[in-house]
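# Coordinate analysis (summary)
The residues making up each chain are set out below.
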Amino acid sequence: MSLNDQEIKNKIIELYPEIKKFGLEIKAEFSTDKNAWLVTLKKGEKTLYTHIESEDARRCVDGEKCVYFGNQLMGFIDAYCTGSSACSI
């Protein structure tokens, strides 16, 4: 079964409720060329672009393993939101 962008966004928000807390914009779209999900997080002028391999995304949504989500996305939240005024609520 293939994933859709809403499933990816929902899983990311479930793992990182800070996304809603800090009002980050999130976008997910599938790239057939890369066979990966392209994920964008944005707050003001700060933007993170990353990709998540299709198999890694499937495993995470299925509740098996979400390591890659954590490494990439938490870095953005930490760098731009935690302890700074960039993501003030």
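Okay, so let's go over this structure. Chains are numbered independently. Their residues run from 1 in the order of the written sequence. Two thresholds apply to this predicted model, a pLDDT of at least 70 for residue-level local features and 80 or more for giving and counting side-chain atom pairs, whereas whole-chain, interface and lining totals are computed over all residues. Excluding hydrogens and water, the side-chain figures rest on all heavy atoms present in the structure.

## As for the sheet that holds strand S2 (residues 36-43)
Definition in use: Paired strands are those between which DSSP finds at least two bridges. The way it works is that DSSP assigns letters per residue, a run of H or I at least four long becomes a helix, a run of E at least two long becomes a strand, and they are numbered from the N terminus. Where helices are involved, their axes are fitted lines through C-alpha atoms of the stretch in contact, as for all axes, and angles between N-to-C directions lie from 0 to 180°. Here, residues are in contact when the closest pair of their heavy atoms is within 4.5 Å.
Taken in spatial order, the three strands of this open sheet run S1-S2-S3, and their pairing is antiparallel. Edge positions in the sheet fall to strand S1 (25-31) and strand S3 (46-53), since each of these pairs with one other strand and no more. When strand polarity is set aside, the average angle formed by the axes of neighbouring strands in this sheet is 20 degrees. Across seven bridges, S1 lies against S2 in antiparallel orientation. If you follow isoleucine 26 over to S2, its bridge partner there is leucine 41. Against the sheet, helix H1 (residues 5-15) engages S1 and S2, with an angle of about 135 degrees to S1. Along the sheet face, helix H3 (residues 54-61) touches S1, S2 and S3 and points at about 90 degrees away from the line of S3.

## Details of the side chain of lysine 9
In plain terms, the rule: Relative accessibility decides the category of a residue: with a 1.4 Å probe and only protein chains considered, values under 20% of the type maximum give buried, values over 50% give exposed, and everything between is partly exposed. None of His or the chain ends enter the tally, which takes Lys and Arg as positive and Asp and Glu as negative. What makes a salt bridge here is a side-chain nitrogen of Lys or Arg within 4 Å of a carboxyl oxygen of Asp or Glu, nothing more.
The topology assignment puts lysine 9 in helix H1. One buried charged side chain, lysine 9, makes no salt bridge at all; its nearest oppositely charged neighbour is aspartate 5, positioned 4.5 Å away.

## Looking at unusual backbone geometry
At asparagine 35, a residue that is not glycine, the phi angle is positive and equals roughly 50 degrees. Looking at where asparagine 35 falls in the secondary structure, it is placed in the loop between S1 and S2.

## Details of the pattern of salt bridges
Taken as a whole, this structure holds five salt bridges when the rule is applied. Between glutamate 14 and lysine 11 there is a salt bridge whose closest N-O contact spans 3.3 Å. A residue pair is termed a helical-turn pair when its members lie 3 or 4 positions apart in one helix, as glutamate 14 and lysine 11 do in helix H1 at three residues. Residues arginine 59 and aspartate 56 are paired through a salt bridge, measuring 3.1 Å at the closest nitrogen-oxygen approach. In this pair, arginine 59 and aspartate 56 both sit in helix H3, three residues apart, roughly one turn of the helix.

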